[in-house]
Every structure is written in C-alpha cells, then in structure tokens.
Amino acid sequence: MADVILGVQWGDEGKGKIVDKLANDYDFVVRYQGGHNAGHTIVVDGVKYALHLIPSGILYPTCKNVIGNGVVIDLESLIKEMEQFSKKSQEEKPDINMLVGRLFISQKAHIILPHHIMLDNLGENKRDKAIGTTGKGIGPTYSDKVARSGILIRDLYNKDVLYSKLKANLVNISHLNFDINLESLFNILLSYADKLKPFVIDTTKLLWDAISKNQQIMLEGAQGSMLDIDHGTYPFVTSSNTSISGCLSGTGLNTRDINEVIGITKAYCTRVGNGAFPTELLDDVGELLCQKGFEFGTTTGRKRRCGWLDLVAIKYAVRLNGCTSLALMKIDVLDNFDEVKVCIGYEYEGKEIDYVPHDLNVKPIYRSFKGWDNTAKLKNFDELPKEAKAYINFIESFVDCKVKYISTSPERDDLIIL
C-alpha cells in the first residue's frame, strides 16, 4: 500500500522532516509532481540537507527513491543534487553510480530546457502583477507537456527523436531570439543522458510490482494544497496538482493503492510569492515569526510571508485531500508569545462565512489562545504546556482530523507521535 504525505497550506510546511523521519519504515519514497522549485530541508545530527528533486528517503541506505512521471526535471540540477549523496567524505570526488539501485527516474518525466527558464522569467516580467514564481522553468515545461511538445526523459535515448523534438521546440520560440545553440544543447543533453541512463526506468511498473509484493510506498508531495493548479488560489499557484490527485497521475497508482493521507501544516502559516494570504501579519509579530521560524525558502532563499494559522483553509485542504491525520510542525516557534491566534472564519462581501471563496478576498475572524513556552525538543505529549495542548485539541476539533505528529524542533528525532 501507499501512504501520501502532502502539504495543506501554501507549501514550506515541513514535509521533508516527516518524510525523513518515517522513511525508514518504507521500501520506496516517491516524488510525484513539481520540480526543483520545491525544497525540503532536513537536519540530522546537526547537519542540514537541502533536497529539491531527490526524495527525502535518500538519507536511508535501505530505502529506494523514485522520481515519478509527474515531475519536471532540470537535468543539471538533478545531477548536482545526486552528487551531494555520492561521496563518502567532503574530499572525495562524487560518483553518482553509488546511487544505482537506490534512485529511479521515470522515463516519462518531462525535461526542463534552457528556453523554459527564459520563458518563465520573460512571462513573469510581463505580468501586471507577478505570480512570484521561482523562475526555474517549471510552468513553461508543464505548458509544453500539455501542448504535447515536451521532451521526455525517454527521448534522451533516441538521438533522432531528441534532435527532431529539440529543433521543433527552438523553431517555436525563434521569434524571441534567445541565445540557444541547437547543436550545443543537443550534445549537452546527450552527456546528461549517459550519466543518468542507469537510473531511468518504467517507474509505474516498478511501483505496481512493489504493490503486488506488499511493499510499503510513501508518496511525497511538493509545495502545498493551496497552490494546486486546479484547487488553489489561482492564478497565484504552482503549475502542477499539489493535492491528492497529483499523486495518482504523477505515479500511475490508483485510489485502491492509497492507504493513509498525512497532511502537513505549520502551527502558524507562511506563504512565498504573491496572492491572497488572509492571516498575514505585516507587523512585529509577523517579523518575529519569520526570524524564530527561519522562514526563508530552501530553493530561493526568499523571505516568507508569515501569519497566524488559518483553520478555514486547512479544513478545506483536509477535505480536498481526504487527510486521515495531520502533522503539526514548528509548535516550538510559538513559544513565548503572550497570545496566539487562529482564523476560524472570514468576513466576505459583508457576511461571515466558514468556507474558502474563489478569490479569498476576505478579512479573517480570529479566536485567541493564551500563549505558552518550553515546547522545544519535547517528545511526549504529556510534557506539553496545557495551553499548547488546548491549541492542538482545538485544531483537531475544528478541521475534524486527528493530529498524529507534533514537531518540536528542526531535528529528526524531536517529534511527538500520538
């Protein structure tokens, strides 16, 4: 069976830590959507690892890691990331072949090309109001996928097909006068193809075979549900399905293969980029949340917008994804606040509502809680301050979903499991 771990906010919820903590119990960890615009930070024994494409299970030698067909891949970035885990010491030269048998790449995944990055930045600069993309070519690559002109990983291993597709792609953008040489790019892609060939496989069949053998699979989402291309705060969203549907289309598994769905949320809320953010705090409290939580993007380093927890949005995401439990991250960041608030409703067009409207042009309605201290590094629920327990119990009741995990620091083992 397969368990799903996905974000129920606007991303950056701390999925990487939960995946890393649980991965040792799984045979496979699978990334199923997004690209290297995503970022997971994991801290193990004080050492920080930044993951963008490789699944978080890579830190466990016995775990197999899959980059599914729903992911879009920047080949150079992937190889550099693989090198991070391909040497035994800082002095040793990396050898990505050390990962053979531990990392598998879908032959149906689409490739990010230089002109996708150029188009991404060109499009962002032309908008009246920028989306706030990472500028890494993700959107244009998905656009080519939908337009049926994309280049797939499998195309790397048929020179005639690769050359023909590459030429057609560059002809389509010739009016933009991008400085891209066909022959040079073709040869670069072939060099990447040689390096990655031992890892390329039909990952759908790999996962089907794993299911038939009763092996355990974890499906690891990127970004968050409120950035879903269909169900998020469009147009200020990412370019893939970050909700539950993405794990099916991005792997080839079906609904009968899914067991648990674990939704990840911070104990407060953050957002990167533009778009509605009802509980954003543009004051000293918001700045304090940012500094205490070290709210800067793993991929871009961009400062995250910070605010109180929005339970209306989380309840929406829990229902959207069919979450069976929640992981509440960074409860320790809220230590030493005199007052902690959560959003329990919205003022919208002169009325109070309890749902997420299409434009999210709302004013939050808050409930206040007495603050607490000393949750950092706790591993037992009974040790939590009573005020923190009341906060957690209210979250469970409001969104109608059990909080199963509570993170009390960035470290792997500082986690309460209920």
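Data block above holds the structure.
Below: a short report on this structure. (Residues numbered from 1 in each chain as written. Predicted model: local features only at pLDDT ≥ 70, side-chain atom pairs only at ≥ 80, totals over all residues. Heavy atoms only, no water.)

### A short note on the overall build of the chain
Then, in step 1: Counting its regular elements, the chain contains eleven helices and 20 strands.
Then, in step 2: By its C-alpha atoms, the chain is 65 × 50 × 45 Å across when sized along the principal axes.
Then, in step 3: Of all 418 residues assigned to the chain, the portion counted as buried reaches 55%.
Then, in step 4: A separation threshold of at least 6 residues defines the contact pool for the chain, and within that pool the share at least 24 residues apart is 74%.
Then, in step 5: As displayed, the chain offers around 18200 Å² of accessible surface, 48% of which is attributable to carbon and sulfur atoms.
Then, in step 6: The averaged location of the 54 negative side-chain charges in the chain is 3 Å from the averaged location of its 49 positive side-chain charges. (Helix = DSSP H or I, 4+ residues; strand = E, 2+ residues; numbered from the N terminus. Buried < 20%, exposed > 50% of the residue type's maximum accessible area, 1.4 Å probe, protein only. Contact = heavy atoms within 4.5 Å. Areas by Shrake-Rupley, 256 points an atom, 1.4 Å probe, with all protein chains shown as cover. Lys, Arg positive; Asp, Glu negative; His and termini not counted. Charge placed at Lys NZ, Arg CZ, Asp CG, Glu CD.)

### Examining the pattern of salt bridges
Then, in step 1: The full count for this structure, using the stated rule, is 14 salt bridges.
Then, in step 2: Asp 12 serves as the salt-bridge partner of Arg 304, at 3.4 Å between the closest nitrogen and oxygen. You can see Arg 304 sitting in the loop between helix H9 (284-292) and strand E13 (305-307) and its partner Asp 12 sitting in the loop between strand E1 (2-7) and helix H1 (15-22), a full 292 residues away along the chain.
Then, in step 3: Of the charged contacts in the structure, one is a salt bridge between Asp 413 and Lys 21, with a shortest N-O distance of 2.9 Å. Taken as a pair, Asp 413 in the loop between strand E19 (403-407) and strand E20 (415-417) and Lys 21 in helix H1 lie far apart in primary sequence, 392 residues in all.
Then, in step 4: In this structure Asp 413 comes out as partly exposed when scored by relative accessible area, which is 44%.
Then, in step 5: Overlapping salt bridges bring together Asp 12, Lys 266, Glu 295, Arg 304 and Lys 330 as one network. (Salt bridge = Lys/Arg side-chain N within 4 Å of Asp/Glu carboxyl O.)

### With respect to the environment of Lys 93
Then, in step 1: As for its placement among the helices and strands, Lys 93 is situated in the loop between helix H2 (75-84) and strand E7 (103-106).
Then, in step 2: With relative accessibility at 72%, the residue Lys 93 sits in the exposed group.
Then, in step 3: Sequence separation between Lys 93 and Glu 83 is ten residues; the distance between their C-alpha atoms is 8.8 Å.

### Observations regarding the packing of aromatic side chains
Then, in step 1: A complete count under the given rule lists eight aromatic pairs for this structure.
Then, in step 2: Plain terms: the ring middles of Trp 308 and Phe 337 are 6.1 Å apart, the flat faces sit at 70° to each other, and that makes the pair edge-to-face. Of the two residues, Trp 308 sits in the loop between E13 and strand E14 (309-310) while Phe 337 sits in the loop between strand E15 (325-329) and strand E16 (339-348), which places them 29 residues apart along the sequence. Here Trp 308 and Phe 337 have matching classes, each one buried.
Then, in step 3: Site record: aromatic cluster; members linked through ring pairs are Phe 369, Trp 372, Tyr 391, Phe 394 and Phe 398.
Then, in step 4: For the cation-ring pair, Lys 315 lies above Phe 398, with the distance from its terminal atom to the ring centre recorded as 5.5 Å. (Phe/Tyr/Trp six-rings, centres within 6.5 Å; stacked < 30°, edge-to-face > 60°. Lys NZ or Arg CZ within 6 Å of the ring centre and 35° of its normal.)

### Considerations on the pairing of strand E2 (residues 28-31)
Then, in step 1: Of the two faces of E2, the one carrying Phe 28 and Val 30 and the one carrying Val 29 and Arg 31 are both buried.
Then, in step 2: With four bridges joining them, E2 and strand E5 (residues 64-67) adopt parallel strand pairing. Residue pairing across strands places Val 29 opposite Asn 65, the latter belonging to E5.
Then, in step 3: As defined by bridge partners, E2 adjoins strand E10 (residues 217-220) across four bridges and the pair is classed as parallel. (Pairing = 2+ DSSP bridges.)

### Brief notes about the layout of surface pockets
Then, in step 1: Space inside the second largest pocket adds up to approximately 630 Å³.
Then, in step 2: As for the second largest pocket, its lining consists of 27 residues, and the residues nearest its centre are Thr 41, Gly 293, Phe 294, Lys 330 and Pro 410.
Then, in step 3: Contributions of two or more residues to the lining of the second largest pocket are made by H1 and strand E3 (40-44).
Then, in step 4: With four residues, the single largest contributor to the lining of the second largest pocket is E3.
Then, in step 5: Of the residues assigned to the lining of the second largest pocket, the class counts are seven nonpolar, ten polar and ten charged. (1 Å grid on protein atoms, 1.4 Å probe; cavity = no way out; pocket = protein on both sides within 12 Å on 5 of 7 lines; lining within 4 Å. Points joined across faces, edges and corners; volume = space filled by probe spheres on them. Nonpolar A, V, L, I, M, F, W, Y, C, P; charged D, E, K, R; others polar.)

### Notes on helix H5 (residues 159-172)
Then, in step 1: Over its 14 residues, H5 extends 20 Å from the first C-alpha to the last, a length consistent with the 20 Å expected when each residue adds 1.5 Å.
Then, in step 2: Every buried residue belonging to H5 is among Leu 162, Leu 166, Asn 169 and Leu 170, and all of these are buried. Buried residues in H5, looked at end-on, bunch into an arc of 95°, giving them a common side. More than 90 degrees from the buried face of H5, the exposed residues found are Asp 160, Val 171 and Asn 172.
Then, in step 3: On its buried side, H5 packs onto helix H3 (114-126), helix H4 (138-146) and helix H6 (182-196). (Expected span 1.5 Å × (residues − 1). Arc of directions from axis to C-beta.)

### A closer look at the nonpolar core
Then, in step 1: Ranked by internal contacts, the top residues of the largest apolar core, which has 55 residues, are Ile 217, Leu 219, Leu 334 and Tyr 391.
Then, in step 2: No other element matches helix H11 (residues 386-399), which puts six residues into this core.
Then, in step 3: With residues up to four places along the chain from it excluded, the contact list for Ile 217 reads Met 1, Ala 2, Asp 3, Tyr 26, Phe 28, Val 30, Leu 207, Ala 210 and Ile 211.
Then, in step 4: Counting 38 residues, the second-largest nonpolar core is a separate cluster that includes Ile 73, Leu 103, Ile 151 and Ala 193. (Core = buried A, V, L, I, M, F, W, Y, C linked by side-chain atoms within 4.5 Å.)

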